[in-house]
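# Descriptive analysis of the structure
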Amino acid sequence: MTNDSDQTVALCVDWDAEAATFDAEPDHGLGTPEVRAAWAARLRAWLPARPADVLDLGCGTGSLALLAAEQGHRVTGVDSSPAMVARARAKLAGRDAVFLLGDAAAPPVGERLFDTVLVRHVLWTLPDPARVLRHWRGLLRPGGRFVLVEGVWGTATPPGAPVGIPSGRLAALLAPLAADVRVEPLSAQAVLWGKEVTDERYAVVATV
């Protein structure tokens, strides 16, 4: 289980204040051709081959949403930060994309269904990941898929408690919800992060 104190730290970040510099991180802004191409290749492998409806939760400034839109997908992004949403809207102006202000755990999409729920580095901050995943499952069409990029970025109190979600735990949470769950390790792919990393980073692609 994710430690409550670490969730509190993540939730207390002023994301509106962070929005102005958020894209300075290589894997946030995808500002170099190499990092951008690496993420584009991963999305091409993870998302449906045909144009699809993609729900990007905790979309931030819309970097992954832009890559998905460039690949022909129809994107709906949701973020709780007005400043992040504003930057995402500007970044994808003229694209087949809409951005909504709201809670990633309970996105304000009404009765709409999607082909893919795309989430990067958000689930670990939420108090009840199992409940959230069940809710997200209800937003997927039959045959839809989760694409969840997560990791473990260290330990905190109590001693040994992970900051993040270990891949095995996330796969176990998805097992009752999906017909196929695949874990793809990403730690060794330094080009995705713009640097070498030693912590656990991975993607889970789960088809329902």
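On a predicted model such as this, the values are computed, not experimentally measured, just so you know.

## Here we look at the packing of aromatic side chains
What the rule picks out here adds up to three aromatic pairs. Between the aromatic rings of W39 and W46, the centroid separation amounts to 6.4 Å while the plane-to-plane angle is 70 degrees, which identifies the pairing as edge-to-face. The exposure class assigned to W39 is buried, which follows from its relative accessible area of 0%. Each ring, one from W39 and one from W193, has its centre 5.4 Å from the other, and the planes form 85 degrees; the classification is edge-to-face. Taken as a pair, W39 in helix α4 (residues 33-46) and W193 in helix α9 (residues 190-193) lie far apart in primary sequence, 154 residues in all. You'll find W39 and W193 in the same group, each marked buried. Grouping aromatic residues by their ring pairs yields a cluster made of W39, W46 and W193. Its guanidinium or amino end placed over the ring of W39, R120 lies 4.7 Å from that ring's centre, counting from NZ or CZ. Lying across the ring of W193, R201 places its NZ or CZ 4.7 Å from the centre.

## Considering the confidence of the model for the protein chain
Should the pLDDT be low somewhere, the predicted coordinates at that spot are not to be read in detail. For the protein chain, the mean per-residue pLDDT works out to 89, and 88% of the residues sit at or above 70. Here residues 1-9 is modelled with pLDDT under 50, and outside its nearest four sequence neighbours on either side it reaches 20 contacts, counting other chains as well.

## What to know about the side chain of E150
Mapping E150 onto the fold places it in strand β5 (residues 140-156). R120 provides the closest opposite charge to the buried, unpaired E150, separated from it by 9.1 Å. Engagement of the side chain of E150 in a polar contact is seen with the backbone nitrogen of L123, the distance being 2.8 Å. Ignoring any residue separated from it by four or fewer positions in sequence, one finds E150 in contact with H121, V122, L123, W124, L170, E200, R201 and Y202.

What counts and what doesn't
- Residues numbered from 1 in each chain as written.
- Predicted model: local features only at pLDDT ≥ 70, side-chain atom pairs only at ≥ 80, totals over all residues.
- Heavy atoms only, no water.
- Phe/Tyr/Trp six-rings, centres within 6.5 Å; stacked < 30°, edge-to-face > 60°.
- Buried < 20%, exposed > 50% of the residue type's maximum accessible area, 1.4 Å probe, protein only.
- Helix = DSSP H or I, 4+ residues; strand = E, 2+ residues; numbered from the N terminus.
- Lys NZ or Arg CZ within 6 Å of the ring centre and 35° of its normal.
- pLDDT = per-residue confidence, 0-100.
- Contact = heavy atoms within 4.5 Å.
- Lys, Arg positive; Asp, Glu negative; His and termini not counted.
- Salt bridge = Lys/Arg side-chain N within 4 Å of Asp/Glu carboxyl O.
- Polar contact = N/O pair within 3.5 Å; in protein donor to acceptor, adjacent residues only side chain to side chain.

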